[in-house]
Amino acid sequence: MKRIAILGSTGSIGTQTLQVIEKHPERLQVTALAAHSNYEKVAEQARKFHPKYLAMFESSAADCLAKETNRKVASGMGGLIEIATSDEVDVVVVAVSGMIGLEPTLAAIRAKKAIALASKEVLVAGGAIVVPLAREHKVPILPIDSEHSAILQCLVGALGVPFPTADDTSFYERLKERLSQIEKIILTASGGPFRGYTLKQLENVTVEQALAHPTWRMGGKITIDSATLMNKGLEIIEACWLYDCTPEKIEVVIHPQSVIHAIVKFLDGSALAQMGHPDMKVPIQFALLGPERLPSPAKNWNPLDTPELTFEEFDSSVFICPNLAREAFRRGGVVPTVLNAVNEEAANAFLRGEISFLDIQRFAEGSLSIAPNTSATLETILAADKEARAWFHARART
Ligand code: NDP
Ligand code: MG
């Protein structure tokens with residue numbers, strides 16, 4: 001029985017994680033739930049799944065949840081860390097929106113918990129410290145992001161790379177041995193609601209249009225990232241950290257049907273792809289129960305469901321974010337942290353109607369010129385993150 005803590009249990013990934021757990025009561029058990037402020041939903045989840053521990057980031061929500069459930073409820077960053085490091089937890093699902101998940105992830109790694117990672121911002125902002133720490137503690141980082149899960153599924157299938165497990169470094173060792181046989185890793189992107197738009201057409205797009213994602217149903221911030229293609233930029237960085245690659249090895253191709261989630265191309269001219277309906281319950285289940293293949297709550301994919309699978313390029317002079325992310329990763333240190341922080345603030349400001357859609361990428365581009373050339377430690381990452389957010393707010397006001 002795997003005992004699971006979910007950070008961000010009320011969100012899109014959090015609720016789908018609970019659906020996967022519900023499907024496998026003999027193997028998976030909810031031990032702890034945490035969210036930001038939606039205490040009513042956590043109370044409802046607690047009544048159904050009987051977790052031992054609860055936390056709310058916001059202290060007033062923690063008080064309300066404590067009253068509602070008649071239980072002790074932890075709060076703040078300390079509360080998230082308490083849950084992520086509990087002796088009774090084996091796997092921590094990190095599914096909060098944004099880089100707020102960094103410190104609980106580091107704490108969970110130190111406590112030797114397996115990490116099932118949805119919050120890509122944790123690796124974007126803090127990969128330089130998260131990945132070495134995970135290797136030092138022999139803790140697996142299991143990707144929930146669909147493209148990265150797809151890459152793992154291809155690697156496990158084709159190169160004999162073992163599924164990452166605790167206390168075993170053979171995943172990294174085998175990956176290192178076999179990496180030279182991979183020519184390219186291709187991340188697919190639906191293209192979002194503005195696929196094929198020109199800069200002129202993007203000038204006046206609305207929040208409502210940006211939230212109307214053609215294939216995936218996700219939380220607000222990642223839906224905006226998908227519309228700007230910053231989501232692919234963040235995913236390039238995430239893939240570099242997870243699979244020990246440089247950005248040159250990673251390509252992005254538009255695939256509007258979102259059935260192929262990633263493609264790994266080998267030197268012999270062959271390629272492997274992982275397919276399925278756009279449904280996060282598949283990668284969530286692979287992270288929690290892989291490499292086993294068991295029935296899941298996701299709908300089965302059949303070729304005739306989507307007889308047409310197409311691919312196209314995107315215009316990188318219009319959608320500049322993937323290349324900004326490549327540059328940030330190449331420069332290293334806290335540059336990706338700054339890009340991530342400014343993007344997070346800008347995407348949320350756009351959602352609140354405070355800036356225009358194209359402002360998001362203008363701010364992201366501007367962030368690269370203010371990023372300091374500092375090497376990455378927890379202290380420099382947190383400081384750079386804070387300064388970058390302050391820079392955004394000062395600039396956005398003028
Ligand atoms: P949602 O906006 O749907 O959910 C966010 C969750 O995080 C909520 O449970 C929210 O709680 C919680 N949360 C936010 N801030 C805090 C905090 N400070 N402390 C504790 N909990 C917090 O987001 P998604 O589920 O869509 O995305 C979550 C992460 O997964 C993101 O990093 C995203 O990039 C990644 N991801 C998501 C995919 C998807 O399909 N949704 C696909 C691939 C990756 P509350 O409800 O109380 O506000
Ligand atoms: Mg993804």
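Whatever comes next refers back to the structure up there.
Read on for an overview of the structure. Within each chain, residues carry numbers counting from 1 in the order of the written sequence. Both sets of labels track the order of writing: A upward for chains, 1 upward for ligands. pLDDT decides what is reported in this predicted model: residues at 70 or higher carry local features, side-chain atom pairs at 80 or more are listed and counted, and totals for whole chains, interfaces and linings draw on all residues regardless. Processing note: side-chain calculations cover all non-hydrogen atoms of the structure and skip hydrogens and water entirely.

Structural notes on the pattern of salt bridges
Here, a salt bridge means any side-chain nitrogen of Lys or Arg that lies within 4 Å of a carboxyl oxygen of Asp or Glu. Going through the model one piece at a time under the given rule, you end up with 27 salt bridges. Across the pair K48 and E22 runs a salt bridge whose closest N-O atoms are separated by 3.1 Å. Of this pair, K48 sits in helix α2 (residues 39-49) while E22 sits in helix α1 (residues 12-23), placing them 26 residues apart in sequence. Using a 1.4 Å probe on the protein chains alone, a residue whose accessible area is under 20% of its type maximum counts as buried, one over 50% counts as exposed, and one in between counts as partly exposed. Its relative accessible area of 41% is what places E22 among the partly exposed residues. For R27, the salt bridge identified is with E26, shortest N-O distance 3.8 Å. For R27, a relative accessible area of 30% puts it in the partly exposed group. For E26, a relative accessible area of 51% translates into the label exposed. Among the ionic contacts, a cluster of salt bridges with common partners joins K120, D145, E147, K232 and E235. Counting from the N terminus, the helices are the DSSP runs of H or I reaching at least four residues and the strands are the DSSP runs of E reaching at least two.

A closer look at the coordination of the magnesium ion (ligand 2)
Ligation of the magnesium ion (ligand 2) by protein atoms is provided by D145 (OD), E147 (OE) and E235 (OE), these donors lying 2.1 to 2.2 Å from the ion. Sequence positions of the residues that donate to the magnesium ion (ligand 2) give the spacing D-x1-E-x87-E. In this pair, D145 sits in the loop between β7 (141-143) and α7 (146-158) while E235 sits in helix α12 (residues 230-242), placing the two residues 90 residues apart along the sequence. Owing to a relative accessible area of 6%, D145 belongs among the buried residues under this scheme. Note: metal donors comprise N, O and S atoms at 2.8 Å or less from the metal (3.2 Å for Na, K and Ca); water molecules are not included, so apparent gaps in a site are possible.

A look at the sheet that holds strand β6 (residues 114-117)
Taken in spatial order, the seven strands line up as β4-β3-β2-β1-β5-β6-β7 in an open sheet, and their pairing is parallel. Edge positions in the sheet fall to β4 (74-75) and β7, since each has one partner strand and no second. Pairing of strand β1 (residues 2-7) with strand β2 (residues 28-35) involves six bridges; the strand directions are parallel. Bridge pairing in β2 places R3 opposite Q29. Whether two residues are in contact is decided by their heavy atoms, any of which lying within 4.5 Å being enough. Where helices are involved, their axes are fitted lines through C-alpha atoms of the stretch in contact, as for all axes, and angles between N-to-C directions lie from 0 to 180°. The strands that helix α5 (residues 102-110) touches are β1, β5 (91-94) and β6; relative to β6, the one it contacts most, it runs at about 150°. What makes two strands pair is DSSP finding at least two bridges between them.

Here's the deal with the site of ligand 1
One heavy atom within 4 Å of a molecule or strand is enough for the residue carrying it to be called near that molecule or strand. Neighbouring residues of ligand 1: 26 residues in total, closest T10, S37, N38, E121 and G219. Between ligand 1 and the protein, one listed contact pairs an oxygen atom with a backbone N or O atom of H36 at 3.0 Å. A distance of 2.8 Å is found between an oxygen atom of ligand 1 and a backbone nitrogen or oxygen belonging to G219. Note on areas: these come from Shrake-Rupley sampling with a 1.4 Å probe, and a residue is covered only by the protein chains present in the view. Protein coverage of the free-state accessible area of ligand 1, which is 890 Å², stands at 87%. Elements represented by at least two residues in the shell around ligand 1 include exactly α1 and α6 (120-136). Lys, Arg, Asp and Glu make up the charged group, whereas Ala, Val, Leu, Ile, Met, Phe, Trp, Tyr, Cys and Pro make up the nonpolar group; the residues left over, Gly among them, are polar. Of the residues assigned to the shell around ligand 1, the class counts are 11 nonpolar, 12 polar and three charged. For the purposes of these results, a polar contact is taken to be a pair of N or O atoms within 3.5 Å, where, inside protein, one atom must be able to donate a hydrogen and its partner to accept one; residues adjacent in sequence count only when each atom of the pair is a side-chain atom.

Some words on the packing of α6 against helix α15 (residues 335-351)
Put simply, α6 and α15 touch, their axes get as near as 7 Å, and they point 140° apart. It follows that α6 is oblique to α15 by the angle criterion. Contact with α6, carried on its side by E121, V124 and A125, involves P336, T337, N340 and E344 of α15 and no other residues of that element. In terms of residue class, the contact of α6 with α15 is built from three nonpolar, two polar and two charged. Throughout this description, any angle smaller than 35 degrees is read as roughly parallel, any larger than 145 degrees as roughly antiparallel, any in the 65 to 115 degree range as roughly perpendicular, and the remainder as oblique.

Remarks on the pairing of strand β11 (residues 271-275)
On a regular strand, each side chain points to the face opposite its neighbour's, so the side chains alternate between the two faces of the sheet. Bridge count between strand β10 (residues 260-266) and β11: five bridges; the pairing is antiparallel. From the neighbouring strand, I260 faces β11, where its bridge partner is M275. Count of turn residues in the β10/β11 antiparallel hairpin: four residues, of which G269 carries a positive phi of about 95°.

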